[in-house]
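# Structure at a glance
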Amino acid sequence: MTSNKHRLVSAAALAAVVCVSSLALASCSKSSTDATPSPSASPSASVSTSASAKASATPTKKPTMVTNLDQIKVSGEDGKAPKIEGAWPLAIAKTQSKVLKKGNGETVNKNATVKVNYVGVNARTGKMFDSSYQRGATVDFPLAEGAVIPGFSKGLTGKHEGDRVLIMIPGSDGYDSQGGAPQAGIMKGDSLIFVVDIVGVPLTKAKGAAVTPASGLPTVKEVQGVPVVTIGNAKKPSKLVVQPLIKGDGKKVTGNDAIDVKYRTYAWSTKELIEDGFSEQAITGSMTSVISGWKKGLTGQTVGSRVLLIVPPADAYPNGNTNPPVKKGETLVYVIDILSAQKES
């Protein structure tokens, strides 16, 4: 939970923002003003306009068919924007992928949401058409059917958090079904190349060992997959209470991380749920922007954990808040699933 000035961004709100920048989920509408496609299912605008690879002087000549991804050279430091070189124009008949640097994190399944940095290059021209590195922020992509172009999902499924992956896809697994993206210089039939750093594979809910809470606290019971807090006759504390309920085995959260969470908020005075950030997709935000009760309570907790926080007014909204509706002097109860944490770039 965050302050008025800085709020965690819900998945729906995030999708609305990125539809006008670089990322567009399947629900984003196409527009004649769209400039550049990303790996998402629909073309969208992008700030990427420069080339990251050597463009062919004669891009209209017949492309060389790629049979082995060793024909494409990728260089650059880990965690930095890669440079992609090839004897343009190139094309490929079937999606291929290759792990350039191996990670050892969570495995990516076909319905996972992945947090990535990436560069996209048109294999016909050698020109970059999109780069999360230029925008300076990672991107979350759901890989489920229809959410991203098929080749992107095929190339990342089965890979691991920490991998750097080279993917080359034919137009049939790219934007051919949409007639290409001529406004971005991508024609029907163009093969595309992506170099993707899999930064994180957020969990869908808390995962770890159950922790027996201290006596006298509000109780938490999972109902149909969602944690429900009952404050009951618990005595209201005057100081912050931090009670892990599930201990995850992931990395420890730091005060400078970007985090993905699901959470619910209850008002102590009414014992009622006032904010539900658990029913849909995970919510993304920065630990530098959350209320002090979250920063104190989540720093040092591990990814995969479920944490009960009881936050006094001084560590939340001492003067009240409008969204969520919090009256002045209210103590808040949170139950939070920590799904991922990465150092902010």
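Presented here is an overview of the structure given in this document. (Residues numbered from 1 in each chain as written. Predicted model: local features only at pLDDT ≥ 70, side-chain atom pairs only at ≥ 80, totals over all residues. Heavy atoms only, no water.)

### Focus: the overall build of the chain
Counting secondary structure elements, the chain contains four helices and 19 strands. Sequence-distant contacts, at least 24 apart, represent 74% of the contacts inside the chain between residues at least 6 apart. For the chain, the accessible surface area stands at approximately 15,600 Å², while carbon and sulfur atoms represent 53% of it. (Helix = DSSP H or I, 4+ residues; strand = E, 2+ residues; numbered from the N terminus. Contact = heavy atoms within 4.5 Å. Areas by Shrake-Rupley, 256 points an atom, 1.4 Å probe, with all protein chains shown as cover.)

### Examining the side chain of Ser-131
Within the fold, Ser-131 resides in strand S7 (residues 128-131). A distance of 3.2 Å separates the side chain of Ser-131 from the backbone nitrogen of Gln-134, its partner in a polar contact. (Polar contact = N/O pair within 3.5 Å; in protein donor to acceptor, adjacent residues only side chain to side chain.)

### Examining the pattern of salt bridges
The tally for this structure, following the rule as stated, stands at 14 salt bridges. Across the pair Asp-260 and Lys-115 runs a salt bridge, and its minimum N-O distance is 3.3 Å. Of this pair, Asp-260 sits in strand S15 (residues 257-267) while Lys-115 sits in strand S6 (residues 113-122), placing them 145 residues apart in sequence. Classification of Lys-115 by relative accessible area gives buried; the value is 4%. Between Arg-306 and Asp-337 there is a salt bridge, and its shortest N-O distance comes to 2.6 Å. Placement of the pair is Arg-306 in strand S18 (residues 306-311) and Asp-337 in strand S19 (residues 332-343), with a sequence separation of 31 residues. Summarising the burial analysis for this pair, Arg-306 and Asp-337 share the class buried. (Salt bridge = Lys/Arg side-chain N within 4 Å of Asp/Glu carboxyl O. Buried < 20%, exposed > 50% of the residue type's maximum accessible area, 1.4 Å probe, protein only.)

Without other data, these values stay purely geometric and don't point to any function.
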